[in-house]
Amino acid sequence: MTLALEPVVTPVRLGDYRRPAWSVDAIELDVDLGIDATEVSSRLVLRSDTGQSAPLRLNGEGLELLALALDGQALDAHAFRYEGGVLEVDGVRDGSVLETRVRVQPAANTALEGLYLSGSREHGFLLTQCEAEGFRRITFFPDRPDVLARFTVTLRADRQRFPVLLAGGNPTGVGELPDGRHWARFVDPHPKPCYLFALVAGRLENITRDYVTADGRAVKIVIWSEANVIDRCHYALDAVERSMRWDEHTYGRNYDLDVFHVVATHDFNMGAMENKGLNIFNAKYLLADPDSSTDDEYRAVEAVVAHEYFHNWTGNRVTCRDWFQLSLKEGLTVFREQQFSADMNSVPLKRIEDVALLRRTQFPEDAGPLAHPVRPAEYREINNFYTATVYEKGSELVRMLAGRLGQEGFRRGMELYFQRNDGQAATIEDFLGALGDANAIDLKPYLAWYAQAGTPRLHAKSEYDAVAREYTLTLSQQTRPTPGQPEKVPVPIPVKLSLFDRDGRILPLRMDGEEKADGAERVVVLHKAAQRFVFKDVDAPPVPSLLRDFSAPVVLEYDYTPAELALLLTHDPDGFNRWEAGQQLALLAFDTLNDSVDSAACKAWCEALAALFEDRQLDDALLADLLTPPGEIELADRQSEVDPSRIHAQRQVLQQRLAAHMGADALLARYRDLSAHASQPLDAASQARRRLRRRVLELFALLNPERAHALAATQYETALGMTDRLAALGVLVRDRAPQAAAALAHFRDRYADNPLALDKWFTVQAQVPGEPALAIVATLERDPAFTLKNPNRARSLLGAFASTNPSGFHRTDGAGYQLLGERLVQLDALNPQIAARLATAFNGWQRLEPMRRVVARRALETLVQRQGLSPNLSEIIGNVLQ
Ligand code: ARG
Ligand code: ZN
């Protein structure tokens, strides 16, 4: 009957929040599945908020309305209106039952939001993605997270084509239907918002495990995938079990359904989705096997599996009142996943990885035109707010709160949070309130962190008074203006610190007003714009180790001498702080790099690292990280007239100096040594060796490329697993070594049937630095395996090129921008979410040097003038341009 037009996009504001006038007690969904057409019947039991009188308005987008009845009576055309994505119905009363029947077209759905087809028409399967607002593409419903309903879902389909039928909740029955069809029913006892609804239907295989929760519930864990990859799901199954145990142990959280289903798909916009009882994963974060997955990918699978599982409590049992509160579930769940990963692997290595990620993704976001608070005040397209700020900075905020309360206090706070908000849609205030109340602490000052965009600069200054034996640290903070927020307020900044004497010994700390020294590490909190902290009984000017463990997501400014940083790099007992000192020293070295002689900083950095490399006391993985200077994106983030090719070249020089200090012989000897131990197992020591082996090979290649390429070619051929194979391929391809072509051809052939491995083949080539990258990308776009329709593939080539290869993408002739602009238009017509995400590669263009800035602006202006762009892409381009 009616096909509604796309709604007009006006911004949604946090301040405009109103309780829902209508909610839904229960929904019965009946889904008659077909690839081209699926019919969805729904029966809603409606509840009205007595305090409000408003007509019933349900969201619905692109739905073909087949039937509509209120309290058993078919409605005629003047009793309802369906336009602009909203169905308005007259005459609804408290307790009314509304029945609708609609038709949707899964195979035509290229946006991968709502109900869609993964894979081919012949062999693929049907699945849903509803977060944030995809449920309205399946049926009419108040599509907002604060409407929680009891779901009963019945699926019907042809048994041959769809032998497996899954939905969230507990299975309550299956049966036969005429004409070779069958049905299956699922009832979810936990009321949930519709964004957590999911269904899956098709030919899938499974592996299972029986699990008993700490509180005694028997749970069947089932992982589903297409037949050809089911053997690669075992690692994920183990990871589910580890996650369940960990959440019981660490937070006292038990799983709460009889089944936990997990499904892998190759066609997915995001990493994964925590639908209640039916998690759906991008195959990239579920499949793992030694032949096609790197060590990093194994860890990513473990982390994402845990993340989605942890959402069962932080997200599902306690959900968000509105999408402004997104970080309530995402920041908190990222934090829980980081804790879990650190426990499963290594605390310092995980912290290094997370801080590096924050600096590479969130800091640039916070410093440019897309900057927004962890809790944004306004949005047009919510899907554009699944950002590094909401996720990664959000996690840092939870980490600060957890640090403030201590381990036991945080657990107490979390228990109160669950107790108060179970089954509810909550806010950030509810979260801080519970954490604070459980510990009799007022955490409200931390709300400023959620409301304010931009990375605070923490400035530190120190003075030493030899007569009074006093050391005074003056801390001050400043946050630069961000779009829409010219004025900033001070936020509480916890600064974990220690003092070292000039021999590298950590000093006991006694602060002004304290009786006696207490420990060697302290957290001081900067509450105001500036504050002084005085330390007593200090015999000589110490070296401060500030912001230990990265105790707050800020940029620290302190005038360290190279010798002081080298001292911390060499002596700090904590791996993370050591790495951080090394990073700061590398930045000093980078800033003082000159053509002829090594600066003091460069010398100090190289010598300290060469010594650590020699003495073999450090863990191999930590050593590999120490030997890696900040990346090109991080280096660019500190400059005002960014020239990415110059940054690339200078970073190469910096690494070359380091390699030279370490010496070609020592590097080669260590490479040989590490190669002799090459083995496949996933234990920490083997992973660490592979990590160091790769770094040593890369450094050696800067001194003796010919020799290194020969070693890399051998490593490629003899590699026992993907980590070593890809590391070798990376060196050959990035250096454009003569052996690269053969290795690439071999890889292409060997992994022709493995899309996830083939993605890496695209990525490694998209990352060739500098001038050649563009032509390589253009050639790869013509590869028969390339398609814009698959998000992983589009990202593996275009995302890798535009977002991770600055010297390749940012060309002075603007050809990189032009290519991306053209692809964005094509992609936008298929999948607006992916187009918008890729477009964020333009972030930061205002700080490019003038030549690139001019061509970048031209490309963006061409884009913004295109008619018919999606709200998703228009919002990003519009914001980036301002
Ligand atoms: N909640 C998912 C997660 O675990 C992400 C879903 C994002 N979906 C979207 N359409 N933006 O992080
Ligand atoms: Zn999440």
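Residues numbered from 1 in each chain as written. Chains lettered and ligands numbered in written order. Predicted model: local features only at pLDDT ≥ 70, side-chain atom pairs only at ≥ 80, totals over all residues.

As recorded in an unreviewed UniProt entry, the chain goes by Aminopeptidase N and comes from Dyella monticola. Its UniProt record gives the chain a comment under Cofactor (unreviewed entry), which states: "Zn(2+)". (UniProt positions renumbered as here; feature names shortened; annotations may be inferred.)

For the chain, the helix and strand inventory stands at 26 helices and 31 strands. Taking 882 residues into account, the globule formula puts the C-alpha radius of gyration at 29 Å, and the chain, at 28 Å, falls close to it. Scored against the burial criterion, the 882 residues of the chain give a buried share of 51%. Pairs at least 24 residues apart make up 69% of the contacts formed inside the chain by residues separated by at least 6 positions. (Helix = DSSP H or I, 4+ residues; strand = E, 2+ residues; numbered from the N terminus. Rg over C-alpha atoms; globule rule 2.2 N^0.38 Å. Buried ≥ 20, exposed ≤ 12 C-beta atoms within 10 Å, placed from the backbone. Contact = placed C-beta atoms within 7 Å.)

This part covers the site of ligand 1. In the region of ligand 1, 13 residues are neighbours, and Glu131, Met270, Met273, Asn383 and Tyr386 sit closest. Of all the secondary-structure elements, those providing two or more residues to the shell around ligand 1 are β20 (272-273) and α2 (295-310). Its residues placed into classes, the shell around ligand 1 shows 5 nonpolar, 4 polar and 4 charged. (Near = placed C-beta within 6 Å. Nonpolar A, V, L, I, M, F, W, Y, C, P; charged D, E, K, R; others polar.)

With that settled, consider the packing of helix α9 (residues 575-591) against helix α10 (residues 600-615). As a packed pair, α9 and α10 sit with axes 7 Å apart at the nearest point and diverge in direction by 140°. Judged by the inter-axis angle, α9 sits oblique to α10. Crossing hand, α9 versus α10: left-handed. In this structure, α9 contributes Leu585, Ala586, Leu588 and Ala589 to the contact, and α10 contributes Ala601, Cys602, Ala604 and Trp605. Among the residues making up the contact of α9 with α10, the classes are represented as 8 nonpolar, no polar and no charged. (Axes fitted to C-alpha atoms, helices over the stretch in contact; angles between N-to-C directions. Parallel < 35°, antiparallel > 145°, perpendicular 65-115°, else oblique. Left-handed = near helix turned anticlockwise from the far one by under 90°.)

Moving on: the packing of helix α8 (residues 562-571) against α9. It is at 8 Å that the axes of α8 and α9 come closest, and there the two elements cross at 150°. It follows from the interaxial angle that α8 and α9 lie roughly antiparallel. Note on packing geometry: the crossing formed by α8 with α9 is left-handed. Across from Pro562, Leu565, Ala566, Leu568 and Leu569 in α8, the residues of α9 making contact are Asn577, Arg578, Ala581, Gly582, Gln584, Leu585 and Leu588. Looking at side-chain class alone, the contact of α8 with α9 contains 8 nonpolar, 3 polar and 1 charged residues.

If you walk across this open sheet you meet the 3 strands as β4-β8-β7, and the pairing is antiparallel. Edge positions in the sheet fall to β4 (56-59) and β7 (80-83), since each of these pairs with one other strand and no more. Across this sheet, the average inter-strand angle for adjacent strands is 15°, counted without regard to direction. As defined by bridge partners, β7 adjoins strand β8 (residues 86-89) across 4 bridges and the pair is classed as antiparallel. Bridge pairing in β8 places Glu83 opposite Val86. (Pairing = 2+ DSSP bridges.)

Before going further, it helps to examine the environment of Tyr309. As for its position among the elements, Tyr309 is in helix α2. Distance from Tyr309 to Leu635, taken between C-alpha atoms, is 35 Å for residues 326 residues apart in sequence. Apart from residues no more than four positions distant in its own chain, Tyr309 is found in contact with Val240, Ser243 and Met244.

Our next topic: the sheet that holds strand β28 (residues 522-526). Pairing between the strands of a sheet comes from backbone hydrogen bonds, and it takes one of two forms, parallel or antiparallel. Taken in spatial order, the 3 strands line up as β28-β27-β30 in an open sheet, and their pairing is antiparallel. Edge strands, defined here as strands with exactly one partner in the open sheet, are β28 and β30 (543-546). Within the sheet, the average angular offset between the axes of one strand and its neighbour, ignoring direction, is 40°.

Now for the pairing of strand β3 (residues 38-48). Pairing of strand β2 (residues 22-32) with β3, which is carried by 10 bridges, proceeds in the antiparallel orientation. By the bridge assignment, Val31 is partnered in β3 with Val40. Joining the antiparallel neighbours β2 and β3 is a turn of 5 residues. Looking at chain direction, β3 and strand β9 (residues 97-104) are connected through 8 bridges and run antiparallel. Looking across to β9, one finds that Glu39 is bridged to Arg103.

Take helix α13 (residues 644-662) next. Compared with an ideal rise of 1.5 Å per residue, which puts 19 residues at 27 Å, α13 spans 27 Å between its outermost C-alpha atoms and is within 8% of the ideal. Taken as a whole, α13 has its buried residues at Pro644, Ile647, His648, Arg651, Leu654, Leu658, Ala659 and Met662. Down the axis of α13, the buried set is contained in an arc of 140°. They therefore lie on one face. For α13, the secondary structure elements touched by its buried residues are α9, α10, α12 (632-636), α14 (664-676), α15 (684-703) and α22 (806-809). (Expected span 1.5 Å × (residues − 1). Arc of directions from axis to C-beta.)

This part covers unusual backbone geometry. The omega angle of the peptide bond from Glu131 to Ala132 is 0°, so this bond is cis rather than trans. Relative to the helices and strands, Ala132 resides in the loop between β11 (125-129) and β12 (149-158). One non-glycine residue with positive phi stands out, namely Arg469, at about 50°. Residue position: Arg469 is located in the loop between β25 (457-465) and β26 (470-478). Assessed through the 13 C-beta atoms surrounding it within 10 Å, Arg469 is described here as partly exposed.

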